[in-house]
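The primary structure of each chain is shown beneath.
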Amino acid sequence: MRFRAKIVDLACLNHFSRIINTIAKLAKTCILRLTVCKLYFILSDKVANGGASMWCELSQGNFFDEFQMEGVAAEHNEIYLELVPENLSRALKTSQSAKAVKIKLTNKHCPCLRVAVELPSLSSSSRIVTHDIPVGVIPRRMWNDFREPSVPDFDVSIYLPVLKTMKSVVERMKNVSNFIVIEANLSGEMNLKIETDLVSVTTHFKDLGNPPWASEDGCQSSAQGRDLETMAEACIDIKKLQQLLAGQQINPTKALCNIVHKRIVHFILLHEEVSLQYFIPAVA
């Protein structure tokens, strides 16, 4: 099992660093799945237990100048590692003016991802700062626990408003309630609501637009044949939503959410070569 990779391009490096920062805000620990073409960061808190789950996918070719890996076996050419994303985020913080960053799977005393940051220096020799990040190797028999979550059969799919606006609304509401109701319909309308014994507050968004899912890929969602004005809603933990909005540094070109009425809200943030999916289960 071997893995080594190198990033030289500064823009790619900064973009990669921002993505890791976003993941570190969403997950204390996560699974890094390496394949020949892609990297995946996976958080699968069991949604049944009220945990959120995350699936972030990047094409390695858009970030790395060199990328070599040999998986567990020829027919299972993948590597699954458990790590604390905050540690990786910290290691990359030193790389903002780096000439290159090399990442390598090593096994000195325990399995580690070694992040070597080559910094520019005034003399001819360069300075290299090395971080060893402990990782756990996930055995082959457990890989099935980390498959891509299936997109639920949603009632409504809608584009999100500007995320900065949404973030400031949610941050204000968070001071009043622990829960927020997200509701939306197929006419491009979405409401964020909190209700307590003392106060009820609703923020309305209009003309957001609805993604053309059903027609596009033939996926039959329960949105088909649905009345356009009828709201689908889910009440979710406001902290989990705030974490997603506050930690978000991907700057998506598209952001949308799917609502399964009273069951789950599924967020999708897309930016060229990155997709981040985040599932927040509804509370009863």
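Rules used throughout
- The numbers attached to residues start from 1 for each chain and follow its sequence in the written order.
- Side-chain atom pairs in this predicted model are given and counted only at pLDDT of 80 or more, local residue features only at pLDDT of at least 70, and totals for whole chains, interfaces and linings cover all residues.
- The side-chain values count all of the structure's non-hydrogen atoms but skip hydrogen atoms and water molecules.
- The residues that make up patches have over 30% relative accessible area and no salt bridge, and they are joined within 9 Å when like-charged or within 5 Å when they are Val, Leu, Ile, Met, Phe, Trp or Tyr.
- Method for areas: the Shrake-Rupley scheme with a 1.4 Å probe, in which residue coverage is limited to the protein chains shown.
- Whenever a carboxyl oxygen of Asp or Glu lies within 4 Å of a side-chain nitrogen of Lys or Arg, that contact is scored as a salt bridge.
- Neither His nor the chain termini are counted; the positive set is Lys and Arg, and the negative set is Asp and Glu.
- Lysine's charge is taken at NZ, arginine's at CZ, aspartate's at CG and glutamate's at CD.
- Each residue is assigned to one of three classes by its accessible area relative to the maximum for its type, calculated with a 1.4 Å probe on protein chains only: buried under 20%, partly exposed between the two thresholds, exposed over 50%.
- Any pair of Phe, Tyr and Trp rings, taking the six-membered ring for Trp, is counted once the centres come within 6.5 Å. Such a pair is stacked with planes under 30 degrees apart, edge-to-face with planes over 60 apart, and tilted for the rest.
- Strands are runs of DSSP state E lasting at least two residues, helices are runs of H or I lasting at least four, and both sets are numbered from the N terminus onward.
- Strands are treated as partners if at least two bridges between them are detected by DSSP.
- Helix axes are fitted only over the stretch in contact, all axes being lines through C-alpha atoms; the angle between N-to-C directions runs from 0 to 180 degrees.
- Here, two residues are considered to be in contact whenever any of their heavy atoms come within 4.5 Å of each other.
- Just so you know, the domain bounds were taken from an automatic or database domain assignment.
- Once two parts are joined, some of their accessible surface, as seen by a 1.4 Å probe, is lost; buried area is that loss totalled over both.
- Within this analysis, the arc is defined by the directions that extend from the helix axis to the C-beta atoms.
- Any angle between 65 and 115 degrees counts as roughly perpendicular, while under 35 counts as roughly parallel, over 145 as roughly antiparallel, and the rest as oblique.
- Crossing chirality is assigned from the near helix's rotation relative to the far helix, an anticlockwise turn below a right angle marking it left-handed and a clockwise turn marking it right-handed.

## Notes on a positive patch on the surface
- Residues R4, K102, K104 and K108 make up a contiguous surface patch of positive charge.
- Take R4: its relative accessible area is 43%, and that puts it in the partly exposed class.

## So, the packing of aromatic side chains
- Following the criterion strictly, the structure yields six aromatic pairs and no others.
- Taken together, a centroid distance of 5.2 Å and an interplanar angle of 50° make the contact between Y40 and W55 tilted. Of this pair, Y40 sits in strand β3 (residues 38-44) while W55 sits in strand β4 (residues 53-59), placing them 15 residues apart in sequence.
- The class of Y40 is buried, set by a relative accessible area of 11%.

## Digging into the sheet that holds strand β14 (residues 200-205)
- Strand order in the open sheet formed by four strands is β14-β13-β12-β15, with antiparallel pairing between adjacent strands. Looking at strand neighbours, the two that pair on one side only are β14 and β15 (232-237), the edges of this open sheet. Each neighbouring strand pair of the sheet contributes to a mean axis angle of 20°, computed without reference to strand direction.
- The sheet contact formed by strand β12 (residues 179-184) and β15 spans six bridges and is antiparallel. Bridge pairing in β15 places A184 opposite A232.
- Strands in contact with helix α3 (residues 163-174) are β12, β13 (190-195) and β14; relative to β13, the strand with the most contacts, it is inclined by about 10°.
- Strands β12, β13 and β15 of the sheet are contacted by helix α5 (residues 238-247), whose axis makes an angle of about 90° with β15.

## A few points about the domain arrangement of the protein chain
- Once the domains are mapped, the protein chain shows domain 1 (2-145) and domain 2 (156-281).
- Summarising the inter-unit geometry, the C-alpha centres of domain 1 and domain 2 are found 29 Å apart.
- Counting residues at the interface gives 20 residues for domain 1, matched by 18 residues for domain 2.
- Counting each side, the surface lost to burial between domain 1 and domain 2 is near 1700 Å², with a carbon and sulfur contribution of 60%.

## Quick notes on helix α2 (residues 85-93)
- For α2, every residue scored as buried is listed here: P85, L88, S89, A91 and L92. What you see down the axis of α2 is that its buried residues fit within an arc of 160°, all on one side.
- Packed against the buried residues of α2 are α1 (10-26), β2 (30-34), β6 (79-83), β7 (100-107), β8 (111-119) and β9 (127-134).

## Regarding the pattern of salt bridges
- Taken as a whole, this structure holds nine salt bridges when the rule is applied.
- Between R33 and E78 there is a salt bridge whose closest N-O contact spans 2.9 Å. Linking R33 in strand β2 with E78 in the loop between β5 (66-70) and β6, this pair joins segments that are 45 residues apart in sequence. Residues R33 and E78 agree in their burial class; the two are buried.
- Its salt-bridge partner being E57, residue K38 comes within 2.7 Å of it at the nearest N-O pair. Here K38, found in strand β3, pairs with E57, found in strand β4; they are 19 residues apart in sequence, far enough to count as distant.
- Residue classification places K38 among the partly exposed positions, given a relative accessible area of 25%.

## A few points about the sheet that holds β9
- Strand order in the open sheet formed by five strands is β5-β1-β7-β8-β9, and the pairing between neighbours is antiparallel. The open sheet terminates on both sides in strands that have one partner only, identified here as β5 and β9. Neighbour-to-neighbour, the strand axes of this sheet turn through a mean angle of 15°, independent of strand direction.
- Sheet topology note: the strand β1 (residues 2-7)/β7 ladder contains four bridges and is antiparallel.

## Concerning the packing of α1 against α5
- One can describe the packing of α1 onto α5 by two numbers: an axis separation of 9 Å at closest approach and a directional angle of 165°. Overall, the two elements α1 and α5 adopt an arrangement that is roughly antiparallel. The two elements α1 and α5 meet at a crossing, and its hand is right-handed. Facing T22, K25 and L26 of α1, the residues of α5 in contact are Q243, L244 and G247.

## A short note on the pairing of β3
- Most of β3 sits out of view: five of its seven residues are buried.
- Alignment of β2 against β3, held across four bridges, turns out to be antiparallel. Across the sheet, residue R33 finds its bridge partner in β3, namely Y40.
- Two successive antiparallel strands, β2 and β3, enclose a turn made up of three residues.

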